[in-house]
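Residues per chain, in single letters:
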Amino acid sequence: MDMRFQVDSAPVLGPALVLFATGTVIRVRRGVWDKRRGLLRLAAAVYVAAVLSLTVFPLNVTWGEYANQAPWIGQINFVPLLTADVTMVPNVIMMVPAGFLLPLLFRNATSASRATLMTAAASLSVEAAQLLSYIVLDNGRSVDVNDLLANTLGGLAGYALVTLALRVPALRGTLLAAALPRSAASRADRRRAATADGTEEAPIAGPAVRP
């Protein structure tokens, strides 16, 4: 069976974003979510959709005589930095927002090393999805260890930026107001407040957010 067609991101990610935005509005109106935290969740969802649209979509399905006949193992570049060039810069930039959002969304992003590992895991998932799409759909996508390194560097840069932003009084209040209650940023702020007031607080797993 010979088959060749393309699945664009809009028909898949568009409805998913609409459903998420609708659910966010409903939760905000019911008072389940604060407006700022709802906007943070929505911004994170839009960002994830944008990354997927750039890295996974469009899905080019090519079966039969149209299929890419090269073995899947040949689609992987295992050697780091050998072919590195300026094309790595967009991969760095792409993951900066991820590193910035991690401490505001997740409780485990309490240090630069943890944020770096989380970014690397997300990048590895994208690379695995690209490889899987090649194996299943024969769409010619490649997997490059340099992309993984660049994405991880971008996440580290984003974490450094949010750490600096949390030290700026003009930005700190806005970021903490949007941060989720169990996030690393919120928990670290509560710990600092308890220390400043001389009151005791239940132990918080992991160190405070730091560069």
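Predicted, not measured: the structure shown is a model, and the values here were computed from it.

1. What to know about the packing of helix 3 (residues 88–105) against helix 5 (residues 145–165)
Packed helix pairs are characterised by how far apart their axes lie and by the angle those axes make with each other.
Line of reasoning, step 1. With their axes 5 Å apart at the nearest point, helix 3 and helix 5 run at an angle of 45° to one another. As summarised for this structure, helix 3 and helix 5 are arranged oblique, according to the angle between their axes. In the packing of helix 3 onto helix 5, the handedness of the crossing is right-handed.

2. Quick word on unusual backbone geometry
Line of reasoning, step 1. In this model, Phe 57 is joined to Pro 58 through a cis peptide bond whose omega is -5°.
Line of reasoning, step 2. Tracing the backbone shows Pro 58 in the loop between helix 2 (35–55) and strand 2 (59–63).

3. Notes on the packing of helix 2 against helix 3
Line of reasoning, step 1. Relative orientation of the contacting elements helix 2 and helix 3 amounts to 150°, with a least axis distance of 11 Å. Between helix 2 and helix 3, the angle is such that the two are roughly antiparallel. By crossing handedness, the relation of helix 2 to helix 3 is classed as left-handed. Contacts between helix 2 and helix 3 involve Leu 40, Ala 44, Tyr 47, Val 51, Leu 54 and Thr 55 from the first element and Met 94, Met 95, Pro 97, Ala 98, Leu 101, Leu 104 and Leu 105 from the second.
Line of reasoning, step 2. In terms of residue class, the contact of helix 2 with helix 3 is built from 12 nonpolar, 1 polar and no charged.

Definitions and cut-offs
Residues numbered from 1 in each chain as written. Predicted model: local features only at pLDDT ≥ 70, side-chain atom pairs only at ≥ 80, totals over all residues. Heavy atoms only, no water. Axes fitted to C-alpha atoms, helices over the stretch in contact; angles between N-to-C directions. Helix = DSSP H or I, 4+ residues; strand = E, 2+ residues; numbered from the N terminus. Parallel < 35°, antiparallel > 145°, perpendicular 65-115°, else oblique. Left-handed = near helix turned anticlockwise from the far one by under 90°. Contact = heavy atoms within 4.5 Å. Nonpolar A, V, L, I, M, F, W, Y, C, P; charged D, E, K, R; others polar.

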